[in-house]
Amino acid sequence: KIDLEANSDLSFSDLYSEEERTFSVVYKRDNEILFNGWLSPEGIYESLVSDKWIISLDCTDGIGFLKNLSYVDSNGFTFNGKQSILEIVSNCLKRTKTLQDIYVNIDIIYSGMNFYDDVLNKTYLNADRFVKDDGKTIADCDKVLRSVLDLFGAVLVSYRGKWIIIKPNTLANNQIIDF
């Protein structure tokens, strides 16, 4: 949330936009990115009874946008063939237009897998499976993300300018987590 002091000379009305991803927000402290996202266009008003007022604007990391975005490439074409789960997650997160590194710690391996390999990078799914029940409509990125992360009981969060994929129960057991 950003609170700005407005007045009759500085109304911040130029921050209003019909598009949700017009104004990028990067919040830093001591040159470390703590938040990377977008300014929400809602919440801008002008007081008609006071010469000074506060405008409160929300910021979002873009994950909420994924419900309205189909799982397609940058040209709008559907993905097909085998993709690693990490590639699928990356393709979904690219649609937020919030470019951040992805860090993973879910502590799951399968038989024959090297202990230090990333299971999301070594597990493949057929991208043709990401369609709705009608068999024709492409699934949205939110559903795609949930379906692949639910396989591992993992969640996705934006934290300190990074995308983090983690199993919540890992946090209860470990104080230090390697990504």
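Residues numbered from 1 in each chain as written. Predicted model: local features only at pLDDT ≥ 70, side-chain atom pairs only at ≥ 80, totals over all residues. Heavy atoms only, no water.

Asks: Hey, could you run me through the overall build of the protein in this one?
Replies: Looking only at helices and strands, one finds four helices and ten strands in the protein. Put simply, the protein has 179 residues, and 36% of those count as buried. Considering only contacts in the protein between residues 6 or more positions apart, those separated by 24 or more positions represent 62%. Accessible area of the protein: about 11,600 Å², with a carbon and sulfur share of 47%. (Helix = DSSP H or I, 4+ residues; strand = E, 2+ residues; numbered from the N terminus. Buried < 20%, exposed > 50% of the residue type's maximum accessible area, 1.4 Å probe, protein only. Contact = heavy atoms within 4.5 Å. Areas by Shrake-Rupley, 256 points an atom, 1.4 Å probe, with all protein chains shown as cover.)

Asks: What should I look at first to understand the confidence of the model for the protein in this one?
Replies: Regions with low pLDDT carry predicted coordinates that are not meant to be interpreted in detail. The pLDDT averaged across the protein works out to 81; a share of 84% of its residues lies at or above 70. By mean pLDDT, the top-scoring element of the protein is strand S6 (residues 82-84) (95), and the lowest-scoring one is helix H4 (residues 168-173) (67). (pLDDT = per-residue confidence, 0-100.)

Asks: Looking at this structure, I do not really get unusual backbone geometry. What am I missing?
Replies: Backbone geometry follows two general trends: most residues other than glycine have a negative phi, and most peptide bonds adopt the trans configuration. At Asp30, a position not held by glycine, the phi torsion is positive, near 55°. Note that Asp30 resides in the loop between strand S2 (24-29) and strand S3 (32-39). The phi dihedral of Asn31 is positive, around 60°, even though this residue is not glycine. The topology assignment puts Asn31 in the loop between S2 and S3.

Asks: Before we go on, may I ask you to explain the sheet that holds strand S7 (residues 101-105) in this structure?
Replies: Sheets are built from strands that pair by backbone hydrogen bonding, the pairs being arranged parallel or antiparallel. The strand order across the open sheet formed by three strands is S7-S10-S9, and the pairing between neighbours is mixed. Unpaired on one side and paired on the other, S7 and strand S9 (155-159) mark the two borders of the sheet. Each adjacent strand pair in this sheet contributes to an overall mean axis angle of 25°, direction not counted. As paired elements, S9 and strand S10 (residues 162-166) share five bridges and run antiparallel to each other. Across the sheet, Val157 pairs through a bridge with Ile164, a residue of S10. (Pairing = 2+ DSSP bridges. Axes fitted to C-alpha atoms, helices over the stretch in contact; angles between N-to-C directions.)

Asks: Just to check I follow, could you spell out the pattern of salt bridges for this structure?
Replies: Pairing is possible between side chains of opposite charge, provided their charged atoms come close. Counted under the stated rule, the structure contains two salt bridges. For Glu32, the salt bridge goes to Arg160, with nearest N and O atoms at 3.0 Å. You can see Glu32 sitting in strand S3 and its partner Arg160 sitting in the loop between S9 and S10, a full 128 residues away along the chain. Judged by relative accessible area, which is 33%, Arg160 ranks as partly exposed. (Salt bridge = Lys/Arg side-chain N within 4 Å of Asp/Glu carboxyl O.)

Asks: How should the packing of aromatic side chains be read in this particular structure?
Replies: To describe a pair of aromatic rings, you give the distance between the ring centres and the angle between the ring planes. The full count for this structure, using the stated rule, is two aromatic pairs. Members of the aromatic cluster, joined through ring pairs, are Tyr71, Phe79 and Phe130. (Phe/Tyr/Trp six-rings, centres within 6.5 Å; stacked < 30°, edge-to-face > 60°.)

Asks: Got a minute to help me understand the sheet that holds S3 in this structure?
Replies: With antiparallel pairing, the three strands of this open sheet are ordered in space as S2-S3-S5. Strands at the two margins of the open sheet, each flanked by one partner only, are S2 and strand S5 (59-60). Where S2 lies against S3, six bridges are found, and the strand directions are antiparallel. Residue pairing across strands places Tyr27 opposite Phe35, the latter belonging to S3.

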